[in-house]
Amino acid sequence: MANKFALLALCSALFAVGPAMAKPGTAEKGKVIYDMRCTWCHGDEGDGKGAAKDHLNPPPRDFTSGNYKIRTSDFEDLTPNDDDIFRMIRDGMPGTAMPGWSDILTEQDMWDLVAYVKKFASYEKPPAKQVDFGTQISSSAESIEKGKKLFEEGDRCVECHGKSGKGSASKRLKGEAGERTWPRNLTKPWTYRGSAEPKDIFSRISTGIAGTEMPSFADPKSKKKLSIEERWHVANYVASLAQTGQKVSADNTVVKVSKVEGELPSATDDARWEKSEATTFYMVPQIIGKERYFLPSSDTITVRAMYNDKAVAMLLEWDDRTKSTPGDDSAGKLADTPIEQDGVAVQLPVTIPSEMQKPYFGMGDAAHPVNVWHWKSGGKDAPETVGILNSKGFKDIEKREAASAGLTAKSSYSDGTWKVLMVRPLTTASTDKDMQFVEGKFIPVAFAAWDGSNNSEKGSKHTMTTWYWLLLKPATGSKPLVTALVIAALFAGGLLWWARSAGNKAA
Amino acid sequence: MSATPKRVIPRLLQMVLVIAGAYFSFILLFDVLLGQLIPKSLLTMYMVFVVAGVVMVFTFTEEGAQELAGPIKALVEDPSRKMVRNVVFVIVPLLAGYYTYSSMLPSFEAPVELRTIHPAPPNKFKAYGKSYNLATLENPYRKFEKEDPAKFKALVKEGGDVYIKNCQYCHGDKLDGKGPYASGLNPTPLNFQDVGTIAQLQESFLFWRIATGGPGLPAEAAPWISSMPVWQEFLTEDEIWKVILFLYNYTGRQPRSWSHE
């Protein structure tokens, strides 16, 4: 019996997600843990001035400011609930350097930390009022439709988050320490600090996000105020914006290029792209070689590709909140100075490796050069361009005309998304300089992107992937089917013959 | 057939169960415990061995072999099983056909890349324009752990600052290999909390790895895919020795030393 209870307790502990029950913590004990684990970012004095501060965006929280992004107390009362703080320490804040700590700290440790962290802002009493959730309206087509209207009405949310929810900016936003903040990309729910459950979204809309420009929509003084019922509709709409197709799947490391009969797509919005298989990769800032770069604004790139008997067409798609057009005034207002062009690049080995050894993933090496197809968005009076780099490491780069390999590129930008289409013939005249595409072989491929409005990304300041694979899928033809039929027939014949001879024997 | 004793589970079923058990344990071991999908080719190879082994054990004695084949023979010969036989005779060719078809379709699974995680270090290596001898190289600060604990603590703290500014993006601020950018890198950054990494290594090995990074690895460790930076370009020798102190201190592990061997 006792066993059963223990098991029950264990099970409920395992499944006890959501609000934890507040337990009293001891600030003195919390300090000891804090000084070992948290001070590196949040600083000895809790002021966010740890050693890492200049290399992180968002910066580590300054606890003395009293701002907590994720809370469920009423919008007028900045005091968070202990549960709110506990939850962020336990689960961490996705999309930031703040990790969840439940794997190395005990529950009591985390309550002790809550007690200590609160002291920096002298929060002694619990908040007087909580977010009023009313009765939750569950999601439905009708509710989502209503939410969409409210989201767009008077540019309520569109002002910052854009029509698509990707946060295509119409103004520059600042955080509490003057740092640049970006509105959340609402199509990527895995980057939410406090989960994309409607109930969480409801809380964020109600309280606003302290320390950022995201306001409260429960505040009766706000012109854009929403009633409880309206907030549920908006929350349901926001939850429905999730584009899970853009989520990275760690198993999927191959860009599969399918063969088409006839012409390749010549536009980024060709309907055939919708049907072709997309592969999404994480991009990380270039923190490996000189000059290192720490404050990126993009996190993934999605690739689709097709080929015919003449050429390969590759569609690169990534979210970028700002179209960076040097020379354009309105683009300049949103950008950090100086504004640079946006860009994207595809890296391929000049020679497809026949064994395991590849070129060094960071622009190749002396013995193993790479081709880099580099597209740039152009400026107000300058057209977009594409060029080829033949690189043997970042110190030994030869620039070439795209035309020399027949490479062309074409782009479109809309509401927070860049799409760039690159087309190159399967084979070129200079076999020693250009990779020659071969059907059915795994070809290493890597990608990079530049957001010219974010910290003037240019040159080695960019986001990138490590090596993945590109595969031109051979057309299969009828061979597998014919062979399979023959094998099945052989098996059936064999079994019949066996049964018959066994039958004869028995008779 | 009546000569063999009746068992609770027929021998044929036993064999099938053992093989299925092995199959799922491989999947469990790789996918769940080791956290990486088992490559199909590897699984096929393992299963060939398992099946061969199991068949050998089960047919070791003649009796065993007969008992195993019993149900199959009965199926073909026993007229009362006609119904089952017809079903089996349809299913088996279909399965064989399907398997052939799917294995002839070209595979889009990425090639498996095997690399040695901890290759044998060179005896000597060059960094900071000097040559180092790994056999005699020691952390100049290690002695303060006993001689001057206060100074040691300050050195560890300086190492921590180096770590949080330079390494946590990949190796994680919990030193668990799960930094904010870890999932965008292949191979993934190593987990220093794991008993299989720094606890097995000497400080001189770490110094070599940190100073020369991915490109400093020998060919069997696939230097061309490692995103580990070449830290002699960014840090001083002193900073590397201090960050090493921090790695051991934070994880509560001890470096391996010559005297213990």
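This one's a predicted model, so the numbers in the text were calculated from it and none came from an experiment. (Residues numbered from 1 in each chain as written. Chains lettered and ligands numbered in written order. Predicted model: local features only at pLDDT ≥ 70, side-chain atom pairs only at ≥ 80, totals over all residues. Heavy atoms only, no water.)

Caption draft 1: Just the overall build of chain A, in detail. For chain A, the count of helices and strands is twelve helices and 16 strands. Taken along the three principal axes of its C-alpha coordinates, chain A extends 90 × 80 × 50 Å. Accessible area for chain A stands at about 24100 Å²; split by element, carbon and sulfur atoms hold 56% of it. Of the charged side chains in chain A, 66 are positive and 65 negative, and the gap between their average positions amounts to 3 Å. (Helix = DSSP H or I, 4+ residues; strand = E, 2+ residues; numbered from the N terminus. Areas by Shrake-Rupley, 256 points an atom, 1.4 Å probe, with all protein chains shown as cover. Lys, Arg positive; Asp, Glu negative; His and termini not counted. Charge placed at Lys NZ, Arg CZ, Asp CG, Glu CD.)

Caption draft 2: Quick look at the domain arrangement of chain A. Partitioning chain A into structural domains gives domain 1 (21-119), domain 2 (141-241), domain 3 (254-473) and domain 4 (478-507). Using only C-alpha atoms to locate each centre, domain 3 of chain A and domain 4 of chain A end up separated by 53 Å. (Domains from an automatic or database assignment.)

Caption draft 3: Up close: the interface of chain B and chain A. Facing the 52 residues of chain B at the interface are 59 residues of chain A. When the two sides are added together, the surface that chain B and chain A hide from each other amounts to roughly 5000 Å², 72% of it contributed by carbon and sulfur. The three residues of chain B that bury the most area against chain A are Phe108(B), Lys174(B) and Trp224(B), which together make up 15% of that side's buried surface. The interface formed by chain B and chain A contains two salt bridges. Here Lys358(A) makes a salt bridge to Glu113(B), at a shortest N to O gap of 2.8 Å. Across the chain B-chain A interface, the total number found is ten residue pairs in polar contact (both at pLDDT 80 or more). Elements represented by at least two residues in the side of chain B that touches chain A include exactly α3 (62-77), α4 (82-104), α6 (149-166), α7 (168-171) and α9 (237-251) of chain B. Taken together, the residues of the side of chain B that touches chain A sort by class into 31 nonpolar, eleven polar and ten charged. (Contact = heavy atoms within 4.5 Å. Buried area = accessible area lost by both parts, 1.4 Å probe. Salt bridge = Lys/Arg side-chain N within 4 Å of Asp/Glu carboxyl O. Polar contact = N/O pair within 3.5 Å; in protein donor to acceptor, adjacent residues only side chain to side chain. Nonpolar A, V, L, I, M, F, W, Y, C, P; charged D, E, K, R; others polar.)

Caption draft 4: Seen up close, the packing of aromatic side chains. Enumeration over the complete set of coordinates arrives at 33 aromatic pairs over all chains. Their ring planes at 55° and their centres at 4.8 Å tell us that Tyr360(A) and Phe361(A) sit as a pair that is tilted. Taking relative accessible area as the criterion, Tyr360(A) reaches 18% and is therefore assigned buried. On the numbers, 5.2 Å between centres and 15° between planes, the contact of Phe125(B) with Tyr132(B) is stacked. Residue Tyr132(B) is classed as buried on the basis of its relative accessible area, which comes to 7%. Ring pairing ties together the aromatic residues Tyr34(A), Phe63(A), Tyr68(A), Tyr116(A), Phe120(A) and Tyr123(A), which thus form one cluster. Directly above the aromatic system of Phe133(A) lies the positively charged group of Lys199(A), at a separation of 4.7 Å from the ring centroid. Lying across the ring of Phe234(B), Arg292(A) places its NZ or CZ 4.2 Å from the centre. (Phe/Tyr/Trp six-rings, centres within 6.5 Å; stacked < 30°, edge-to-face > 60°. Buried < 20%, exposed > 50% of the residue type's maximum accessible area, 1.4 Å probe, protein only. Lys NZ or Arg CZ within 6 Å of the ring centre and 35° of its normal.)

Caption draft 5: Quick peek at the environment of Arg180(A). All names here are of chain A. Looking at the element boundaries, Arg180 is found in strand β2 (residues 180-181). With a relative accessible area of 11%, Arg180 lands in the buried category. Expressed as a C-alpha distance, the spacing of Arg180 and Asn57, which sit 123 residues apart in the sequence, is 8.3 Å. With sequence-adjacent residues up to four places away left out, Arg180 is seen in contact with Asn57, Arg172, Leu173, Leu334, Ala335, Asp336 and Ser453.

Caption draft 6: The environment of Pro140(B), seen in detail. Residue and element names in this part refer to chain B. One can find Pro140 in the loop between β2 (130-133) and α5 (144-147). Judged by its relative accessible area of 36%, Pro140 falls in the partly exposed class. Sequence separation between Pro140 and Trp241 is 101 residues; the distance between their C-alpha atoms is 7.5 Å.

Caption draft 7: Summary view of helix α8 (residues 198-207) of chain A. Residue and element names in this part refer to chain A. Extensive coverage of α8 is indicated by the burial of nine of its ten residues. Among all positions in α8, only Pro198, Asp200, Ile201, Phe202, Ser203, Arg204, Ile205, Ser206 and Thr207 are buried. Buried positions along α8 lie against α4 (82-91) and α9 (228-240). Of the residues trailing α8, Gly208 is marked for its positive phi of about 75°.

Caption draft 8: How the structure looks around the nonpolar core. Core analysis: the biggest nonpolar cluster contains 86 residues, and Leu206(B), Phe207(B) and Ile244(B) have the highest contact counts within it. With nine residues, the single largest contributor to this core is α9(B). Phe207(B) has contacts with Phe125(B), Tyr128(B), Tyr132(B), Leu137(B), Glu237(B), Ile240(B), Trp241(B) and Ile244(B), leaving out every residue within four places of it along the chain. Membership of the second largest hydrophobic core comes to 35 residues, among which are Met283(A), Met314(A), Val346(A) and Trp418(A). (Core = buried A, V, L, I, M, F, W, Y, C linked by side-chain atoms within 4.5 Å.)

Caption draft 9: Focus on the domain arrangement of chain B. For chain B, the assigned domains read domain 1 (11-104) and domain 2 (124-251). Computed over C-alpha atoms, the centres of domain 1 of chain B and domain 2 of chain B are 49 Å apart.

Caption draft 10: Seen up close, a nonpolar patch on the surface. All names here are of chain B. A cluster of nonpolar side chains, Met83, Val84, Val87, Val90, Ile91, Leu94 and Leu95, forms an exposed patch at the surface whose accessible area comes to about 680 Å². Turning to its location among the elements, Ile91 is positioned in helix α4. By relative accessible area, which is 43% here, Ile91 ends up partly exposed. (Patch = residues over 30% accessible without salt bridge, like charges linked within 9 Å, V, L, I, M, F, W, Y side chains within 5 Å.)

Caption draft 11: Structural context of empty space enclosed by the protein. Residue and element names in this part refer to chain A. Within this structure, the stated rule accounts for one cavity of 30 Å³ or more. As a volume, the largest cavity reaches approximately 500 Å³. Residue lining of the largest cavity: 29 residues in total, with His42, Arg61, Phe63, Met93 and Met98 positioned closest to the centre. Of all the secondary-structure elements, those providing two or more residues to the lining of the largest cavity are α2 (27-37), α3 (39-42), α4 and α5 (107-119). For the lining of the largest cavity, the element with the most residues is α4, which contributes four residues. Within the lining of the largest cavity, the residues separate by chemical class into 22 nonpolar, two polar and five charged. (1 Å grid on protein atoms, 1.4 Å probe; cavity = no way out; pocket = protein on both sides within 12 Å on 5 of 7 lines; lining within 4 Å. Points joined across faces, edges and corners; volume = space filled by probe spheres on them.)

Caption draft 12: Molecular detail of α9(B). Taking 1.5 Å per residue as the helical rise, α9(B) with its 15 residues ought to reach 21 Å, and the 22 Å between its terminal C-alpha atoms agrees with that figure. A large share of α9(B) lies buried, amounting to eleven of its 15 residues. Buried within α9(B) we find Ile240(B), Trp241(B), Lys242(B), Val243(B), Ile244(B), Leu245(B), Phe246(B), Leu247(B), Tyr248(B), Tyr250(B) and Thr251(B). The inward-facing, buried residues of α9(B) contact α2 and α3 of chain A together with α6 and α8 (203-212) of chain B. (Expected span 1.5 Å × (residues − 1).)

Caption draft 13: The arrangement of the confidence of the model for chain B in detail. Of the residues in chain B, 94% reach a pLDDT of 70 or more, and the chain-wide mean stands at 87. Across the interfaces of the predicted complex, the ipTM metric reaches 0.88, alongside a pTM of 0.86. (pLDDT = per-residue confidence, 0-100.)

Caption draft 14: Quick peek at the pattern of salt bridges. Residues and elements named next belong to chain A. All chains considered together, the criterion is met by 29 salt bridges over all chains. Where Lys188 meets Asp299, a salt bridge forms, and the shortest distance between an N and an O atom there is 2.6 Å. Linking Lys188 in the loop between β2 and α8 with Asp299 in the loop between β5 (284-285) and β6 (300-307), this pair joins segments that are 111 residues apart in sequence. A relative accessible area of 26% places Asp299 in the partly exposed class.

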